[in-house]
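Chain residues, written in single-letter form:
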Amino acid sequence: MKRGKRALLSIWSVTLVMVMILAGCSGSKEGSSTGEETSEPTGTPESGEFVLGEQPLEFSFYGHYDWYTMPEWGGDQATKWIQENKKVNVVPISSGGNAKNKLNTMIVSGELPDVIWMERGADVEKLRAEGMLVPFDDYLDKYPNLKKWAGDSTIDMLRSPDGKLYQFPNWYTTQPNGNAGYLVNKKIYNELGAPPLETPEDLYEYLKLVKANYPDVVPLEVGQSAAGVDIMVSAFAENRPYLFNSMIAVPQGDQLVSLFTDPVYRELLQYMSRMYRERLMSQDTFTQKIEQVEQKIITGKVAVYVASSPTEFGSKGNSILSAEDPDAGYIMIWPVHKEGLDRNKIFPGDYKQLGWNVSVITKSAKDPEAVFAFLDWFTGPEGQRVIMWGPEGLYWDGTDEEDMPLFTDKFVNDPQGRDELMNSTVNFQWNGNTVYVDNSKMKFESTLSPEQRNFETYWQSEITWKTQMNTTEFVNLDPAGDSEEGIIAQRVFEIYEKARATAISMTASDEEVIAILDKAEEDAQKAGYSKLLEYKTARWKENIEKMKQN
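This report concerns the structure included in the present document. As the structure is a computational prediction, the values presented were derived from the model and not from experiment. (Residues numbered from 1 in each chain as written. Predicted model: local features only at pLDDT ≥ 70, side-chain atom pairs only at ≥ 80, totals over all residues. Heavy atoms only, no water.)

Considerations on the overall build of the protein chain
Defined as follows: Think of it this way: any DSSP run of H or I at least four residues long counts as a helix, any run of E at least two long counts as a strand, and we number them from the N terminus. Throughout, radius of gyration means the C-alpha value; the globule benchmark is 2.2 Å times the number of residues raised to the power 0.38. Accessible area is worked out with a 1.4 Å probe on protein chains only. A residue is then buried under 20% of its type maximum, exposed over 50%, and partly exposed in between. Contacts are residue-level and defined by heavy atoms, with any inter-residue pair within 4.5 Å sufficient. The accessible surface values rely on the Shrake-Rupley method and a 1.4 Å probe; as for residues, cover is taken only from the protein chains in view. Counted charges follow a simple rule, with Lys and Arg positive, Asp and Glu negative, and His plus the chain ends left uncounted. Where a charge lies is defined by one atom per residue type, namely NZ (Lys), CZ (Arg), CG (Asp) and CD (Glu).
Helix and strand counts for the protein chain come out as 21 helices and 15 strands. Its C-alpha radius of gyration of 24 Å places the protein chain within 12% of the 24 Å reference for a compact globule of 550 residues. Dimensions of the protein chain, computed from C-alpha atoms along their principal axes, come out at roughly 75 × 60 × 40 Å. Residues classed as buried in the protein chain amount to 55% of the 550 residues present. Relative to all contacts within the protein chain whose residues are 6 or more apart in sequence, the contacts with residues 24 or more apart total 78%. By element, 48% of the accessible surface of the protein chain is carried by carbon and sulfur atoms, the whole surface being about 23400 Å². Across the protein chain, 55 positive and 83 negative side-chain charges occur, with their mean positions spaced 3 Å apart.

This is the structure:
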């Protein structure tokens, strides 16, 4: 479920003034987003808990992303079961492809949705500071799934400056997860003699062999917007996930310093420039669509694929190719690393305790406790079983002593139906419980023969989960978009994107790569880069202190 996730910038200064004006005109309008008056809960008893299924619950839901469109609630087997058995109906509100404008419009109108699914960080804090969000603290003990599965450490990291919790995390975890790494075309690899693929030089020599022997195959596919290039930074230093590239900041001692002057980043771009100019990597990487990448993978027209989640297309391609030829398909390799580096300190990907994004409940919700009760059930064992694998009796039937699903024979024997069901619910997974889902899969997979095991789960257990770094300390470093640092961040990002693309695709030597990065550093400093790095360093240190307290 990996997506391109960037914090959306909002013009808060104008918007919030208009909110106050409209709120004043509307008087005591029920469900006002400003929170000056809140309607009384209608579904939760004065004492006791809200019990799903005893009475209907309906709430509106807005996914704050340009790309997100919520599927029909009740249109698949899982949400239909929830609708019928838990009496829950979720009413979608679409971003219309322009999330920033949509949220601003809802704020100005004083009519926020009941739930907003969004990135952590500045936008959440703006809503919270204006009194638009409901705190969850009074609900944590009454509805214990979040507290049990996320733990106090994660919850405390999510707390706002006022000490309260307003954010319900998605895919939070207390153990490694992630799929970033190297996918290799098995048939081509074996036909070329299965040479070592351990160092960057090994990879370079192998890709030259591919180019010479398979002219219709892309030697190295790095995906859309050359995203795989950033994954490969891990090959040049220990404890170096690609996150530092996207942060445009690198930890050095107790400070975050410039990415443009970082020797590791410079070595990466020099290496990738050589790959590009020798036509060893995808030449259309900066213009191709994700569908084109997928097509190359599933038809076996790629020798090596590096991505943040190569197993997504790799699993599909492996199934298609191996069905036609038992010798075809894909494998994964241990992440490539420079000679002399400790292979156990090479991290092409990362994970964070806080997971991906969050759900917040606004003061427009008539019964926020009931909505929280649903979210808490959704993140618990039963909710996760239903939304991941459908209602009981189809692909799972009953649970074991650890409350994990007992998967049926149909789970193994009907992979097409199983995958169709799971794909139909991906965009409903708002409160993913990584530990429960992953441990359920792993426990079941351990009972299967090697040929029966799921492609993704197998490589997660063998390689990818062992090579993802915990980067929780680096969460929430981005400034608000309309702040001085936020404006600097936007300019620095533009400089970074231009320099990266130019250094990879438009240079003829290592010296030219360095010249481009020198100019990027100069331009970034003129734009205020040092002030941005100071801001991010301060937030980083705050995170470290929070983690020490837990």
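Having seen the structure, we can now continue with the description.
A look at the packing of helix H17 (residues 434–445) against helix H18 (residues 455–462)
Each pair of packed helices gets described by two things: the angle between the helix axes and the distance between those axes. Quick reminder of the rule: Axis lines are fitted through C-alpha atoms, for helices just across the contact stretch, and the angle between N-to-C directions can take any value from 0 to 180 degrees. Oblique is the label for any angle not covered by the other classes, which are roughly parallel (under 35 degrees), roughly antiparallel (over 145) and roughly perpendicular (65 to 115). Ten residues, namely Ala, Val, Leu, Ile, Met, Phe, Trp, Tyr, Cys and Pro, are considered nonpolar, four, namely Asp, Glu, Lys and Arg, are considered charged, and the remaining ones, Gly among them, are considered polar.
At a minimum axis separation of 10 Å, H17 and H18 run at an interaxial angle of 95°. With respect to H18, the element H17 is oriented roughly perpendicular. When H17 is examined against H18, the residues Lys441, Met442 and Glu445 are found in contact with a partner set consisting of Thr457, Gln460 and Ser461. Among the residues forming the contact of H17 with H18, the class breakdown is 1 nonpolar, 3 polar and 2 charged.

With respect to the pairing of strand S2 (residues 88–93)
Here is the rule: When DSSP finds at least two bridges between two strands, those strands are taken to pair.
Relative to S2, strand S1 (residues 57–63) runs parallel, the two being bridged by 6 bridges. Bridged to Phe59 within S2 is Val90.

What about the sheet that holds strand S5 (residues 181–185)?
In space, the 4 strands of this open sheet follow the order S6-S9-S5-S10, with mixed pairing throughout. In this open sheet, the two strands that pair with only one neighbour each are strand S6 (218–221) and strand S10 (330–333). Adjacent strand axes in the sheet meet at a mean angle of 20°, parallel and antiparallel pairs treated alike. Of the pairings in the sheet, the one linking S6 to strand S9 (residues 302–307) comprises 3 bridges and is parallel in character. Each bridged residue has a counterpart across the sheet, and for Leu220 the counterpart in S9 is Val304. Running over the sheet, helix H12 (residues 311–324) touches S5, S9 and S10 and is turned about 140° from S10.

Topic: the nonpolar core
Note the following rule: Definition used in this section: a nonpolar core is a set of buried Ala, Val, Leu, Ile, Met, Phe, Trp, Tyr and Cys residues joined via side-chain atoms within 4.5 Å.
Grouped together as the largest cluster of nonpolar side chains are 76 residues, with contacts concentrated most on Phe374 and Trp430. The leading source of residues in this core is helix H13 (residues 368–379), at 8 residues. Not counting residues up to four positions away in its chain, the partners in contact with Phe374 are Leu52, Leu57, Phe59, Trp73, Ile82 and Val88. Counting 67 residues, the second largest nonpolar core, distinct from the first, contains Tyr189, Leu269, Val306 and Phe493.

Here we look at the packing of aromatic side chains
Formally: Stacked, tilted and edge-to-face pairs are distinguished by plane angle, under 30 degrees for stacked and over 60 for edge-to-face with tilted covering the rest, among Phe, Tyr and Trp rings (Trp via its six-membered ring) whose centres lie within 6.5 Å. The criterion is that NZ of a Lys, or CZ of an Arg, lies within 6 Å of the ring centre and within 35 degrees of the ring normal, and then a charge sits over that ring.
Going through the model one piece at a time under the given rule, you end up with 36 aromatic pairs. Note on Phe61 and Trp117: the rings are 6.3 Å apart at their centroids and 40° apart in plane angle, and the pair reads as tilted. Of this pair, Phe61 sits in strand S1 while Trp117 sits in strand S3 (residues 115–118), placing them 56 residues apart in sequence. Each member of the pair Phe61 and Trp117 is classed as buried. Here the basic side chain of Arg274 rests over the ring of Tyr204, its NZ or CZ set 4.1 Å away from the ring centre.

Details of the pattern of salt bridges
What counts is decided by this rule: Any Lys or Arg side-chain nitrogen found within 4 Å of a carboxyl oxygen on Asp or Glu counts as a salt bridge.
The full count for this structure, using the stated rule, is 34 salt bridges. The residue Arg159 makes a salt bridge to Asp137 at a minimum N-O spacing of 2.6 Å. One end of the pair, Arg159, is in the loop between helix H5 (145–158) and strand S4 (168–169); the other, Asp137, is in the loop between helix H4 (122–129) and H5, with 22 residues separating them in the sequence. Relative accessible area serves as the criterion here: at 26%, Asp137 is assigned to the partly exposed category. Residue Arg240 pairs with Asp262 through a salt bridge whose shortest N-O separation is 2.8 Å. With Arg240 in the loop between helix H8 (227–231) and helix H9 (243–247) and Asp262 in the loop between strand S8 (255–257) and helix H10 (263–277), this residue pair connects regions lying 22 residues apart in the sequence. Comparing Arg240 with Asp262, the two get one shared label, buried. Taken together, the shared-partner salt bridges connect Asp400, Glu401, Glu402 and Lys443 into one network.

Here we look at the environment of Lys526
Within the fold, Lys526 resides in helix H20 (residues 510–526). On the basis of relative accessible area, Lys526 is assigned to the exposed category, the value being 65%. Remark: the alpha-carbon pair of Lys526 and Asp482, spanning 44 residues in sequence, is separated by 19 Å.

Describing unusual backbone geometry
The backbone of Trp171 shows a phi angle near 60°, a positive value even though the residue is not glycine. Mapping Trp171 onto the fold places it in the loop between S4 and S5. Residues other than glycine seldom take positive phi values, yet Ala226 does so here, at roughly 55°. Looking at the element boundaries, Ala226 is found in the loop between S6 and H8. On the basis of relative accessibility, which here comes to 0%, the residue Ala226 falls in the buried class.

What to know about the layout of surface pockets
Unoccupied space between atoms shows up once a probe the size of one water molecule is rolled over them. Formally: Both cavities and pockets are sets of points on a 1 Å grid over the protein atoms alone; in a cavity a 1.4 Å probe fits but cannot get out, in a pocket the set is open with protein on both sides within 12 Å along at least five of seven lines, and lining residues sit with an atom within 4 Å of a point. Grid points are joined across faces, edges and corners, and a volume is the space filled by probe spheres set on the points.
Its volume calculated, the second largest pocket comes out at about 570 Å³. Along the wall of the second largest pocket there are 25 residues; nearest its centre are Glu125, Arg159, Pro161, Asn476 and Lys546. Elements with a contribution of two residues or more to the lining of the second largest pocket: H4, H5 and helix H21 (529–548). Across the lining of the second largest pocket, the residue classes break down as 9 nonpolar, 6 polar and 10 charged.

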